[in-house]
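Descriptive structure summary
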Amino acid sequence: SVPANTLTAGNTYTFTLRVALVENPASATQASVSIYVTVLPPVLVVSGTSQTYGTNDAITLNATNSYNPNGPNAPPLTFAWHLMDPVVTPSPLPASYATSSSNNAALTIPANTLSPATYSFIVSAFTQNVNTTQVVWVTVVAGASGPLVSIDPLPGSMVSNTERVVLTGRCTITTGIVYQWGLVSGDLDLASSTLTGTASFQLVILPNVLVVGQTYTLSLTGKQV
């Protein structure tokens, strides 16, 4: 057997088995098999796929939690962003939009750049000629939008019920914000099931309180005081 994460995605390997008689090594036979290691598409994790900002707010779209599922030897992901205007035509980003220097995983749009409207941005993650694409919707309203909260995405869509689950909230305003977590769907008593309570920016759910096979939807509200 070949240990996990030994073979590199995108490569073809040939294995040969040769069998010979101990009494007569010259009398032998062999067979070969070729294995191609499939390149899995990148896993895109975007902070908030539907967001609202004011025209006076800088806009940050973040895909830095995305990852390459092809093992530790896989190359780093690269990213590309495109703007789908209210007219649905993909267009290159204006020069004023800034992307993170390493791999373009994050996109920042300066304040007072977009007019009030709903925009869609397309982010694509690439590895070894395979890509994954996701749409991020941004609604821009006049003026300042007030505090905007978001929840950092978990590494995957599923969690283990035997481990703590840590949800971290963030807000565009860092002072004078009161947080409140709520349960939208699922059977869970947040008051007795967390280490942190429901009024912190971080929610830590205790082990063994989530039910296997159940889906939970939680919400986070931030209010400026």
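Residues numbered from 1 in each chain as written. Predicted model: local features only at pLDDT ≥ 70, side-chain atom pairs only at ≥ 80, totals over all residues. Heavy atoms only, no water.

To continue, consider the overall build of the protein chain. A tally of helices and strands in the protein chain yields one helix and 15 strands. For the protein chain, whose C-alpha radius of gyration is 24 Å, the value lies well above the compact-globule estimate of 17 Å for 225 residues. Burial status across the protein chain gives 28% buried among its 225 residues. Counted over contacts in the protein chain with a minimum sequence separation of 6, partners at least 24 positions apart contribute 60%. Total accessible area on the protein chain stands at roughly 13100 Å², and carbon and sulfur atoms take up 55% of it. (Helix = DSSP H or I, 4+ residues; strand = E, 2+ residues; numbered from the N terminus. Rg over C-alpha atoms; globule rule 2.2 N^0.38 Å. Buried < 20%, exposed > 50% of the residue type's maximum accessible area, 1.4 Å probe, protein only. Contact = heavy atoms within 4.5 Å. Areas by Shrake-Rupley, 256 points an atom, 1.4 Å probe, with all protein chains shown as cover.)

Another aspect to go through is the sheet that holds strand β14 (residues 202-205). Here three strands make up an open sheet; going across it, the order is β11-β12-β14 and the pairing antiparallel. Edge positions in the sheet fall to β11 (149-151) and β14, since each of these pairs with one other strand and no more. Here the strands of the sheet are splayed against their neighbours by 15 degrees on average, with no regard to which way each runs. As judged from the four bridges shared by strand β12 (residues 165-171) and β14, these two strands associate in the antiparallel manner. (Pairing = 2+ DSSP bridges. Axes fitted to C-alpha atoms, helices over the stretch in contact; angles between N-to-C directions.)

Right, let's get into the environment of Pro 75. Assignment of secondary structure puts Pro 75 in the loop between β4 (59-62) and β5 (78-84). Overall, the relative accessible area of 33% leaves Pro 75 in the partly exposed class. In this structure, the C-alpha to C-alpha distance between Pro 75 and Gln 128, residues 53 residues apart in sequence, is 8.0 Å. Setting aside anything within four residues of it in sequence, one finds Pro 75 in contact with Asn 68, Thr 127 and Gln 128.

A separate point is the environment of Arg 170. Mapped onto the elements, Arg 170 comes out in strand β12. Separated by 19 residues in sequence, Arg 170 and Ile 151 have C-alpha atoms that sit 6.2 Å apart. In contact with Arg 170, not counting residues within four places along its chain, are Leu 148, Val 149, Ser 150, Asp 152 and Tyr 179. Separated by 2.9 Å, the side chains of Arg 170 and Asp 152 make a polar contact. (Polar contact = N/O pair within 3.5 Å; in protein donor to acceptor, adjacent residues only side chain to side chain.)

Structurally, the position occupied by Asn 70 is in the loop between β4 and β5. Among the residues examined, Asn 70 registers a relative accessible area of 11% and is labelled buried. Among the polar contacts listed, one links the side chain of Asn 70 to the backbone nitrogen of Leu 40, at a separation of 2.7 Å. Of note is the side chain of Asn 70, whose polar atom sits 2.7 Å from the side chain of Asn 68.

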